[in-house]
Amino acid sequence: MDAPYAQQEQLEPGIGRVLAHNASAFTYTGTQSYLIGADEVAVIDPGPDLPEHLDALEKAIGGRRVVAIMCTHTHRDHSPAARPLANRTGAPIVGCAPLALETVGPRADASFDGDYGPDRVLDEGETVQINGKPITAVSTPGHTSNHLCFAYEGALFTGDHVMSWSTTVVVPPDGDMAAYMQSLEKLRQRDDRIYYPAHGAPVTNPQQYVRSLIGHRMQRERQILRLVTERARPIPDIVANAYPGLDPRLVPAAGGSVLAHLLDLERRGLVEQRQDSWNAV
Ligand SMILES: [Zn+2]
């Protein structure tokens, strides 16, 4: 794919971006790491542990002091470069919590970075100072239970919570549709001027875009409810009807997303599961 790998693009004063070479059906052109600051910097979403990408980040840092290496969440395309970059720069890893484990077993699957170990976890509203200006954590669970966005000077670094190229994957058990919708509503009530997602172009009309995402999910929910009202259906049948012409590589993710909707509807008493099929109550 023709994309600006391994080089820093300056997006605005104090905000740079380096694209990692990990394009896929889930990552679009790859993971975008952001550099914030001037004579000292913070790195948001260091990305996958690829030597070429780490070299590019180190070159973009250019010997400046790294105040923090910050991760929005712990999917493998976001956080594995944190530790090697910390080793290269001496910077602390600050940001999302390691993945919480349920009492009955791990919520994680193969897409999670189990080696992630932060030096400091940021809770809602906590900050890192960069050149005297705060980068503030905005808790946004849904895509994952530990997802954070980071706010800086009117820009919001949205990780995978809001992306410009595709809707966000919300897959149980760690992904939670009700939490995701609440986290979208949280962004709708903010007045950020621009979003910088981990994948895809900046979003220059945040409020309008978030409203369209909320509308899209509500439409999807109505569609799923209509399908299981017609008759009891297993998830693959719902996916085939709700996502005609879907890229076969994305069918498992779509199935996860349908399950996330169904679990949310079940909690609200609107659907129930019998064997492998779901029906309206
Ligand atoms: Zn992710």
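Attention here is on the structure that accompanies the text. Because the structure is a prediction, the values reported are computed rather than measured.

A short note on the side chain of histidine 53
Here histidine 53 is to be found in helix H1 (residues 51-61). A residue is classified by how much of its surface remains accessible, and histidine 53, at 1% relative accessible area, is buried. Contact partners of histidine 53, with chain neighbours within four places excluded, come to Val18, Leu19, Ala20, Ser33, Pro46 and Pro48.

Thoughts on the sheet that holds strand E7 (residues 120-121)
The mixed open sheet is built from seven strands, whose spatial order is E1-E2-E3-E4-E5-E6-E7. Strands with a single pairing partner mark the edges of an open sheet, and in this sheet they are strand E1 (8-12) and E7. With four bridges joining them, strand E3 (residues 32-37) and strand E4 (residues 40-44) adopt antiparallel strand pairing. Residue pairing across strands places isoleucine 36 opposite alanine 42, the latter belonging to E4. Sheet contacts for helix H2 (residues 82-89): E4, strand E5 (65-71) and strand E6 (93-95); angle to E5, the most-contacted strand, approximately 170 degrees.

Comments concerning unusual backbone geometry
Between proline 172 and the following residue, proline 173, the backbone shows a cis peptide bond with an omega angle of 10 degrees. Within the element layout of this structure, proline 173 appears in the loop between strand E11 (155-159) and helix H3 (177-188). Backbone geometry at aspartate 45 places phi at a positive 55 degrees, although glycine is not the residue there. Looking at the secondary structure, you find aspartate 45 in the loop between E4 and H1. Positive phi, normally seen in glycine, also occurs at asparagine 131, with a value near 50 degrees.

Brief notes about the coordination of the zinc ion
Of the protein atoms, only His73 (NE2), His75 (ND1), His143 (NE2) and Asp160 (OD) coordinate the zinc ion, at distances of 2.2 Å. Because the angles between the four donor atoms bound to the zinc ion fall within 88 to 167 degrees, the donor set is best described as irregular. Here the donor residues for the zinc ion map to a single chain with the spacing H-x1-H-x67-H-x16-D. Accessibility classification places histidine 73 together with histidine 75 in one group, the buried group.

What about H1?
In an α-helix there are 3.6 residues to a turn, and that puts residues three or four apart on one side. Those residues of H1 lying buried are His53, Leu54, Ala56, Leu57, Ala60 and Ile61. Down the axis of H1, the buried side of the element spans an arc of 160 degrees, and every buried residue falls inside it. Of the exposed residues in H1, the ones pointing more than 90 degrees away from its buried face are Pro51 and Lys59. For H1, the elements touching its buried residues are E1, strand E2 (15-19), E3, E4, E5 and H2. Immediately downstream of H1, the backbone of glycine 62 shows phi near 55 degrees, a positive value.

Notes on the packing of H3 against helix H4 (residues 206-230)
Orientation of H3 relative to H4, taken along the N-to-C sense of each, is 155 degrees, at an axis distance of 9 Å. As the angle between them shows, H3 and H4 are arranged roughly antiparallel. Pair H3 / H4 crosses with left-handed handedness. Of H4, the residues touching H3 (which contributes Met177, Tyr180, Met181, Leu184, Glu185, Leu187 and Arg188) are Gln207, Val210, Arg211, Leu213, Ile214, Arg217 and Met218. Its residues assigned to classes, the contact of H3 with H4 comprises nine nonpolar, one polar and four charged.

Concerning the packing of aromatic side chains
Applying the stated criterion to the full structure yields three aromatic pairs. Ring centres of tyrosine 34 and phenylalanine 157 lie 5.1 Å apart, and the angle between their planes is 65 degrees; this geometry places the pair in the edge-to-face category. Here phenylalanine 157 lies in strand E11 and tyrosine 34 lies in strand E3, a separation of 123 residues in the sequence. Summarising the burial analysis for this pair, tyrosine 34 and phenylalanine 157 share the class buried. Over the aromatic face of tyrosine 243 sits the side chain of arginine 220, whose NZ or CZ is 3.9 Å from the ring centroid.

Observations regarding the pairing of strand E10 (residues 148-152)
For E10, the tally of buried residues reaches five of five residues, placing the bulk of the element in the interior. By the alternation rule, side chains of E10 split into Leu148, Phe150 and Tyr152 and Cys149 and Ala151, which are all buried. Across four bridges, the pairing between strand E9 (residues 133-139) and E10 is antiparallel. Looking at the pairing, alanine 137 lines up with phenylalanine 150 of E10. When E10 meets E11, the two strands line up antiparallel, connected through three bridges.

So, how was this worked out
Residues numbered from 1 in each chain as written. Predicted model: local features only at pLDDT ≥ 70, side-chain atom pairs only at ≥ 80, totals over all residues. Heavy atoms only, no water. Helix = DSSP H or I, 4+ residues; strand = E, 2+ residues; numbered from the N terminus. Buried < 20%, exposed > 50% of the residue type's maximum accessible area, 1.4 Å probe, protein only. Contact = heavy atoms within 4.5 Å. Pairing = 2+ DSSP bridges. Axes fitted to C-alpha atoms, helices over the stretch in contact; angles between N-to-C directions. Donors = N, O, S within 2.8 Å, 3.2 Å for Na, K, Ca; no water. Tetrahedral: all angles 85-135°; square planar, octahedral: opposite > 155°, others 65-115°. Arc of directions from axis to C-beta. Parallel < 35°, antiparallel > 145°, perpendicular 65-115°, else oblique. Left-handed = near helix turned anticlockwise from the far one by under 90°. Nonpolar A, V, L, I, M, F, W, Y, C, P; charged D, E, K, R; others polar. Phe/Tyr/Trp six-rings, centres within 6.5 Å; stacked < 30°, edge-to-face > 60°. Lys NZ or Arg CZ within 6 Å of the ring centre and 35° of its normal.

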